[in-house]
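Spelled out from the first residue to the last, the chains are:
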Amino acid sequence: MSTLQIELPDGSTKAVAEDATAYDVALSIGEGLARQSIAARFEGRLVDINAALEESGKLELITQNSPEALEIIRHSCAHLMAQAVKEIYGEDVQVTIGPAIENGFYYDFYSDSKKFSPDDFEAIEKKMTELAKADLPIVRGEMSRADAIEMFREMGEAYKVELIEDLGEETVSVYRQGDFVDLCRGPHLPRTGLLKSFKLTSVAGAYWRGDEKNAMLQRLYATAFQNNKDLKSYLHKLEEARKRDHRKLGRELDLFSFSEEAGAGLVIWHPKGALLRTLIEDFERKEHLRRGYDIVMGPQILKTELWKTSGHYDNYRENMYFTEVDEQSYGIKPMNCLAHMLIYKSKIRSYRDLPQRYFELGTVHRHEKSGVLHGLLRVRGFTQDDAHILCRPDQIDAEVKGVMEFVQDVAGIFGFEYCMELSTRPEKSIGSDADWEQATNALHSALTDSGHAFEINEGDGAFYGPKIDVKLKDALDREWQCATIQCDFTLPERFDLTYVGADGEKHRPVMLHRVILGSIERFVGVLIEHYAGSFPLWISPVQVTVLNVTDNQAEYAQEVYRQLRAAGIRTEIDLRNEKLGYKIREAQVGKIPYMLVIGDREMEETKVTPRFRDGKNLDAMTVLDFISFIEDEVKQYK
RNA sequence: GCUCACAUAGCUCAGACGGUAGAGCACAUCCUUGGUAAGGAUGAGGUCAUCGGUUCAAAUCCGAUUGUGAGCUCCA
């Protein structure tokens, strides 16, 4: 009998029998390793631990603790959940697909009689535990396409039949555990007994194959981990995220609200929220001026004819609001570019004038589908920190780089990591092939030169041009789309924008649309969750609150308050007839950075004792010292 | 927009079977002047989201609308 030469990650080589599996190799190294191994990577592809290797090659064992293990565990757990559901509900439910996803897995079921609800979770989990305890072997099998179609048809699994029919492969693999069979590429765990830590999390509708024209399925979301500790810590993290929910904090901190009377997706900014966004907007104006942008402003409504010129009427009409006055139709702006076009066109431009950088904190309205609205993160009226850069083709690269530097600086100030994506031409789009190619190449090279890692999303661009999206990562590692840079060769053409070149001839400028924070609304929502409501001093709507211990110090406390206000520090005062502990608690719950406790001691020394919201006290200092301390922190964006 | 669920006081929530509502916090008044996360008493607050239907009777059952949530699809 011949032997196989198996190369291990440490470089050593094992000779094993011809019919050996990855498990056999693991066993030859050690029993403990064999017990721990759940799958393997052979010649770069993932295989079952019990699959015969059949040839010589490089083998890497995947143990329960390997990073790749989690995906396999979750995928197998999806099968376990499907098996449990089939055992409980039988023919009433058809299986479809069930992949592992970022934080767990899901399985989509079709049923016209059974409606899943969270009340069913316990029974399903119980059945899953039972099936896991039975420690059923999970066995891979291969069968011909025709046989597989026949088998699933007999089982009444129409969706599986459709999947195989579309698969276009002559042989398909199926996995069996007990009486349950599922079409699957694998790999899977060798036994159900390895699944111990799982939990169903939610149920929701999902379209078959993600297409809204198809049947609505019921998706059961769940998660699984290597051990209970990881499961618990994940559930704890979910709980943390819930506590940070900007909708909850927005109400508690009295930042904003929504009103059924005003309309869905329209933010009502309360004093503290309006102040917060104003501080961010002031920061933006300053930063834009510093970086060579000009501040401009356009109207909220522009004639519908102009939206036809720009192409928005043809491509974006279903998202726009319209209004008619004196038999003249106007479109409420969903984007800010039109007025900026008109500014450019207002006089003859020389190549020496370029780039022109027009910046506007522009409020736009878009009729988003009702189902997508979500707190501040997805609204119908919002303000973009929008700019349009009109430049010569040879300036694109430098301009895109300038924007990327801007993003980097701002992300740093707010403490975000970020990643970037390049999106290319979608199906519904305007502009010539040559324009798209040139624009896409320009963005691609700027990204490459930046040294930043990026991904490419084919067909995900805007209808008028390709784009770079920046995704911020917040304190809980969640990603948020904020900044975007979009290249546009189309609008300058539609508006016939030109500049006079060195040769005295007319040339077409290129346009970059870009936002740094994206929408102020969304950014504030992200900030609330990122900071869990404890904003840094420089953007805290209230920076300091003055608390007197008894009425005795009321007058001195008011004097301190006046001095702080006069110095431009956002200060409140709480002179109410309450105990100090009560006032401190309220300020603490309000997440105010500094409290100044004024008692007899402070009054006698004409000082203040600052208490930071983390509970630490600073030494007593004079009001003037405290003011310069605050000013210094603000300068450092603390 | 679609699927499912939900809508009771400013907030968080109770209100089996249909018989017109209750708690805690917040708010107001009074007592208390208390040094680092909730002092006490009293009081005021709700056409039970809106409209329509069933019923002797609807917060409760049915329908529509509006809004909200979890997803899907789409997006800053």
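This is a predicted model, so every value here is computed, not measured.

K.L.:
Just checking my understanding: could you explain the overall build of chain A for this structure?
P.N.:
In terms of helices and strands, chain A carries 20 helices and 32 strands. With the principal axes as the frame, chain A shows a C-alpha extent of 90 × 75 × 55 Å. Looking at chain A residue by residue over its 638 residues, the buried ones come to 50%. Look at the contacts in chain A between residues 6 or more apart in sequence, and 68% of them connect residues 24 or more apart. For chain A, the accessible surface area stands at approximately 30800 Å², while carbon and sulfur atoms represent 47% of it. Between the averaged position of the 80 positive side-chain charges in chain A and that of its 106 negative side-chain charges there is a distance of 4 Å.

K.L.:
So what exactly am I meant to see when it comes to the protein's contact with RNA strand B here?
P.N.:
Around RNA strand B, the surrounding shell holds 55 residues, and the nearest of these are Y207, R378, Q481, N577 and R585. At 2.7 Å, a side-chain N or O of D551 approaches a base nitrogen of RNA strand B. Taking R601, its main chain carries an N or O atom lying 2.9 Å from a base oxygen of RNA strand B. Elements with a minimum of two residues in the surface near RNA strand B: β12 (197–207), β13 (216–225), α8 (246–252), β25 (479–488), β28 (510–519), α18 (580–589) and α19 (600–605). The element that contributes the greatest number of residues to the surface near RNA strand B is α18, accounting for 6 residues. Residue composition of the surface near RNA strand B, by class: 16 nonpolar, 18 polar and 21 charged.

K.L.:
When you look at the pattern of salt bridges in this model, what are you seeing that I'm missing?
P.N.:
Two side chains with opposite charge may pair up if their charged atoms get near one another. Taken as a whole and assessed by the stated rule, the structure comprises 39 salt bridges. A salt bridge links K401 to D449, with the nearest nitrogen and oxygen atoms 3.3 Å apart. One end of the pair, K401, is in helix α13 (residues 396–414); the other, D449, is in helix α14 (residues 433–450), with 48 residues separating them in the sequence.

K.L.:
Sorry if this is basic, but what is going on with the sheet that holds strand β24 (residues 467–473) here?
P.N.:
The strands that make up a sheet are held in pairs by hydrogen bonds between backbone atoms, and each pair lies either parallel or antiparallel. Pairing is mixed in the open sheet, where 8 strands are placed in the order β16-β20-β21-β28-β25-β24-β22-β23. Single-partner strands in this sheet number two, and they are β16 (294–295) and β23 (454–457). Of the pairings in the sheet, the one linking strand β22 (residues 417–423) to β23 comprises 4 bridges and is parallel in character. Across the sheet, residue E421 finds its bridge partner in β23, namely E455. Along the sheet, α13 contacts β20 (356–365), β21 (381–391), β22, β24, β25 and β28; its crossing angle with β28, the most-contacted strand, is approximately 5°. The strands touched by α14 are β22, β23, β24 and β25; relative to β22, the strand with the most contacts, the crossing angle is about 155°.

K.L.:
Where do I start with a negative patch on the surface in this structure?
P.N.:
A contiguous patch of negative charge, built from E102, E417, E455, D477 and E479, is present on the exposed surface. In this structure, E417 sits in strand β22.

K.L.:
Is there a simple way to explain the domain arrangement of chain A in this structure?
P.N.:
Buried accessible area, meaning the area lost when the parts come together, often serves as the stated size of an interface. As far as domains go, chain A holds domain 1 (3–63), domain 2 (69–244), domain 3 (275–298 + 334–530) and domain 4 (537–635). Put simply, the middle of domain 2 and the middle of domain 3, counted by C-alpha atoms, are 41 Å apart. Counting residues at the interface gives 5 residues for domain 2 and 7 residues for domain 3. Roughly 480 Å² is buried in total at the junction of domain 2 and domain 3, and carbon and sulfur atoms are behind 46% of that figure. Taken together, domain 2 and domain 3 are joined by 0 salt bridges. At the junction of domain 2 and domain 3, the tally comes to 2 residue pairs in polar contact (both at pLDDT 80 or more).

K.L.:
Could you clarify how one ought to interpret the pairing of strand β2 (residues 13–17) in this entry?
P.N.:
Each regular strand shows side chains that alternate between the opposite faces of the sheet. As paired elements, strand β1 (residues 3–7) and β2 share 5 bridges and run antiparallel to each other. Residue pairing across strands places Q5 opposite A15, the latter belonging to β2. Linking β1 to β2, which pair antiparallel, is a turn of 5 residues; within it G11 sits at a positive phi near 95°.

K.L.:
Help me understand α14 in this model?
P.N.:
An ideal rise of 1.5 Å per residue puts 26 Å on 18 residues; α14 measures up with 26 Å between its terminal C-alpha atoms. When we look at burial in α14, the residues that qualify are D435, W436, A439, T440, A442, L443, A446 and L447. Each buried residue of α14 sits inside an arc of 155° when the element is viewed along its axis, so together they form one side. Set apart from the buried face of α14 by more than 90 degrees, the exposed residues are D433, A434 and E437.

K.L.:
It is not clear to me how the packing of aromatic side chains should be interpreted in this structure. Could you clarify?
P.N.:
We describe a pair of aromatic rings using the distance from one ring centre to the other and the angle between the two ring planes. All chains considered together, the criterion is met by 23 aromatic pairs. With 5.9 Å between their ring centres and 80° between their planes, Y594 and F626 make a pair best called edge-to-face. Taken together, the positions of Y594 in strand β31 (residues 594–598) and F626 in helix α20 (residues 623–635) put the pair 32 residues apart, joining distant regions of the chain. Of the two residues, Y594 and F626, both sit in the buried class. Ring centres of Y594 and F629 lie 5.7 Å apart, and the angle between their planes is 80°; this geometry places the pair in the edge-to-face category. Of this pair, Y594 sits in strand β31 while F629 sits in helix α20; the two residues are 35 residues apart in sequence, bridging distant segments of the chain. On the basis of relative accessibility, which here comes to 24%, the residue F629 falls in the partly exposed class. One aromatic cluster is present, formed by F283, F414, F416, F523, W538 and Y637 through successive ring pairs. Positioned above the aromatic ring of F225 is the side chain of R74, whose terminal nitrogen or guanidinium carbon lies 4.7 Å from the ring centre.

K.L.:
Help me out: how do you make sense of the packing of helix α9 (residues 271–290) against α13 in this one?
P.N.:
In helix packing, the relevant descriptors are the interaxial angle and the interaxial distance, both defined with respect to the helix axes. Relative orientation of the contacting elements α9 and α13 amounts to 145°, with a least axis distance of 12 Å. Seen from above, α9 lies across α13 with right-handed handedness. Across the interface between the two elements, F283, E287 and H288 from α9 touch F406, V410, I413 and F414 from α13.

K.L.:
Looking at this structure, how should I read the sheet that holds strand β19 (residues 328–332)?
P.N.:
Pairing within the open sheet is antiparallel, and its 3 strands lie in the order β17-β19-β18. Lying at the two open borders of the sheet, with one neighbouring strand each, are β17 (301–303) and β18 (321–325). With strand direction ignored, the average angle separating the axes of adjacent strands in the sheet is 35°. Two strands pair when backbone bridges link them, and β18 and β19 are joined in this way by 5 bridges, in the antiparallel orientation. Bridging across to β19, F322 finds its partner in G331.

K.L.:
Just to check I follow, could you spell out the confidence of the model for chain A for this structure?
P.N.:
For residues with low pLDDT, the predicted coordinates do not support detailed interpretation. Looking at chain A, pLDDT values average 90 and 100% of them are 70 or higher. Averaged over each element, pLDDT in chain A is lowest for helix α2 (residues 31–36) (76) and highest for β16 (98).

K.L.:
Explanation requested: the side chain of Q218 in the structure shown.
P.N.:
Of note, Q218 is situated in strand β13. Discounting residues that sit within four places of it in the chain, Q218 has contacts with Y107, D108, F109, S111, K114, K115, F116 and A204.

Parameters at a glance
Here the residue numbering is sequential within each chain, running from 1 through the sequence in written order. Here chains are named by letter from A upward and ligands by number from 1 upward, in the order in which they appear as written. Reporting in this predicted model follows two pLDDT cut-offs: at least 70 for local features of residues, and 80 or more for side-chain atom pairs to be given and counted; totals over whole chains, interfaces and linings ignore these cut-offs and use all residues. Hydrogen atoms and water are omitted, and side-chain values are computed over all heavy atoms in the structure. For the purposes of this entry, the term helix denotes a DSSP run of H or I that reaches at least four residues, the term strand denotes a run of E that reaches at least two, and both are numbered from the N terminus. Residue burial is assigned from relative accessible area. The probe radius is 1.4 Å, only protein chains are included, and a residue is buried under 20% of its type maximum, exposed over 50%, and partly exposed in between. The contact criterion used is simple: two residues touch if any of their non-hydrogen atoms lie within 4.5 Å. For accessible areas, the Shrake-Rupley method is used with a probe of radius 1.4 Å. Any residue's cover is judged against the shown protein chains and nothing else. A positive count includes Lys and Arg, and a negative count includes Asp and Glu. His and the chain ends are not counted in either. One atom stands in for each charge, and that atom is NZ of Lys, CZ of Arg, CG of Asp or CD of Glu. Neighbouring residues are identified by heavy atoms, a residue being near a molecule or strand if any of them is within 4 Å of it. Here a polar contact means two N or O atoms within 3.5 Å. Within protein one must be a hydrogen donor candidate and the other an acceptor candidate, and residues neighboring in sequence count only if both atoms are side-chain atoms. Amino acid classes used here: Ala, Val, Leu, Ile, Met, Phe, Trp, Tyr, Cys and Pro are nonpolar; Asp, Glu, Lys and Arg are charged; the rest, including Gly, are polar. When a carboxyl oxygen of Asp or Glu is within 4 Å of a side-chain nitrogen of Lys or Arg, the pair counts as a salt bridge. Pairing between strands is defined by DSSP: at least two bridges between the two strands are required. Axis geometry follows a simple rule: fit a line to the C-alpha atoms, using only the stretch in contact for helices, then measure angles between N-to-C directions, giving values from 0 to 180 degrees. Excluding any residue in a salt bridge, patches collect residues exceeding 30% relative accessible area, merging like charges within 9 Å and nonpolar Val, Leu, Ile, Met, Phe, Trp and Tyr side chains within 5 Å. Each domain's limits were defined by an automated method or a database of domain assignments. Two parts placed together each lose some accessible area; with a 1.4 Å probe, that loss summed over both constitutes the buried area. A helix is expected to span 1.5 Å for every residue after the first. The directions considered for the arc are those from the helix axis to the C-beta atoms. The criterion for an aromatic pair is that two Phe, Tyr or Trp rings (for Trp, the six-membered ring) have centres within 6.5 Å, with stacked assigned to planes under 30 degrees apart, edge-to-face to planes over 60 apart and tilted to the rest. Only Lys NZ and Arg CZ are tested; either one counts as a charge over a ring when it is within 6 Å of the ring centre and within 35 degrees of the ring normal. If you view the pair so one helix is near and one far, a crossing is left-handed when the near helix is turned anticlockwise from the far one by less than a right angle, and right-handed when it is turned clockwise. On a scale of 0 to 100, pLDDT captures the predictor's confidence in every residue.

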